[in-house]
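Chain by chain, the residues:
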Amino acid sequence: MHYRPELKGFLPFSLIDWPGKVSSVLFFSGCNFACPTCHNFELAKGGQNLPSLSWNEIYSSLRAKKKWLDGVVLTGGEVTLLPYLGEMCFELKKIGYGVKVDSNGFRPEIIEELLTKELVDLFAVDVKGPWEKYSKLVGKNIDPAEIAFKMKKIFSLASKNHDKFLFRLTKVPLLEEKDIEIVKKYLPKGFELILQEYKEPSEKNLIFK
Ligand code: SF4
């Protein structure tokens, strides 16, 4: 990657990004996938044209708002690419926040580390579709065996930490009903696949095609 992932967006108040919690949402640039259906394409491709926000300023604001909020959602882009992700989670937990991380699941070792260090309360992991369709779904050449291996590592972590994971799938046009059924069978026992309806991204997203 030729750029350092940075904080690019701040939503001070959300009731939908962490079900059941009042949260703030921080958006970071950079992603290891290039999904043609991405809704945060500017951010995912590096966000060089978007202004960066100061972590120190956002952190002070979060500290001041602690009594009104339950937690902070870290999203992107793909936040497991952030070299300072663990440190940031630690800082947020230090002032009493719950932390949720959204991830595409391609870096299970980072998820495992955050989990082991008890720095994250909830991981929302996207399962894009059947392993064989990943390359088309994420706009990159992905070996089905590699993505299967990585996601199985996450499923294994989830089966031992049931309350810390949820799995989501967005019903993009490339997916058929039978694909969704295949993905449901991937999940560890006791997990339900959260289905998200797909909405067309704007024209600008053609940049990923
Ligand atoms: S994983 Fe795909 S949808 Fe998610 S931020 Fe990256 S490019 Fe966008």
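This text gives an overview of the structure that appears in the document. Because the structure is predicted, anything quoted here is derived from the model rather than measured.

Examining the site of the ligand
In step 1: All residues in the neighbourhood of the ligand are listed as Cys31, Phe33, Ala34, Cys35, Cys38, Gly77, Asn104 and Lys128.
In step 2: Its residues assigned to classes, the shell around the ligand comprises five nonpolar, two polar and one charged.

Examining the pattern of salt bridges
In step 1: Per the stated rule, a full pass over the model turns up 16 salt bridges.
In step 2: Of the charged contacts in the structure, one is a salt bridge between Asp102 and Lys100, with a shortest N-O distance of 2.6 Å.
In step 3: You can call Asp102 buried: its relative accessible area is 9%.
In step 4: Here Glu176 makes a salt bridge to Lys133, at a shortest N to O gap of 4.0 Å. Pair noted here: Glu176 is in the loop between β6 (165–171) and α7 (177–186) and Lys133 is in the loop between β5 (122–126) and α5 (134–138), with a separation of 43 residues, a long-range link.
In step 5: When salt bridges that share partners are traced, they join Lys100, Asp102, Asp126, Lys128 and Arg168 into one network.

Some points on the pairing of strand β4 (residues 98–103)
In step 1: Buried residues dominate β4, accounting for six of its six residues.
In step 2: Burial of the side chains of β4 extends over both faces: Gly98, Lys100 and Asp102 are buried on one face and Val99, Val101 and Ser103 on the other.
In step 3: Of the pairings in the sheet, the one linking strand β3 (residues 71–75) to β4 comprises four bridges and is parallel in character. Bridge pairing links Val73 to Lys100 in β4.
In step 4: Read from β3 through helix α3 (residues 85–94) to β4, the crossover connection turns out right-handed.
In step 5: Across four bridges, β4 lies against β5 in parallel orientation. Bridge pairing in β5 places Lys100 opposite Leu122.

Some words on the state of the cysteines
In step 1: For the structure shown, the criterion picks out zero disulfides.
In step 2: A disulfide-free cysteine, Cys89 has its sulfur positioned 17 Å from the sulfur of Cys31, the nearest such atom.
In step 3: Judged by its relative accessible area of 0%, Cys89 is buried.

A word on the sheet that holds β4
In step 1: Reading across from one edge, β1-β2-β3-β4-β5-β6-β7 is the order of the seven strands in this open sheet, with mixed pairing throughout. Of all strands in the sheet, those with a lone pairing partner are β1 (7–14) and β7 (194–197), marking the two edges. Strand-to-strand twist of the sheet, defined as the mean angle between neighbouring strand axes without regard to direction, takes the value 20°.
In step 2: Looking at chain direction, β6 and β7 are connected through four bridges and run parallel. The residue bridging Leu169 from the neighbouring strand is Leu195, located in β7.
In step 3: Strands in contact with helix α2 (residues 55–64) are β1, β2 (23–28) and β3; relative to β1, the strand with the most contacts, it is inclined by about 10°.
In step 4: Packing against the sheet, α3 makes contact with β2, β3 and β4, and its axis sits at approximately 165° to β3.

Calculation notes
Residues numbered from 1 in each chain as written. Predicted model: local features only at pLDDT ≥ 70, side-chain atom pairs only at ≥ 80, totals over all residues. Heavy atoms only, no water. Near = heavy atom within 4 Å. Nonpolar A, V, L, I, M, F, W, Y, C, P; charged D, E, K, R; others polar. Salt bridge = Lys/Arg side-chain N within 4 Å of Asp/Glu carboxyl O. Buried < 20%, exposed > 50% of the residue type's maximum accessible area, 1.4 Å probe, protein only. Helix = DSSP H or I, 4+ residues; strand = E, 2+ residues; numbered from the N terminus. Pairing = 2+ DSSP bridges. Right-handed = clockwise from strand over helix to strand, strands pointing away. Disulfide = S-S within 2.5 Å. Axes fitted to C-alpha atoms, helices over the stretch in contact; angles between N-to-C directions. Contact = heavy atoms within 4.5 Å.

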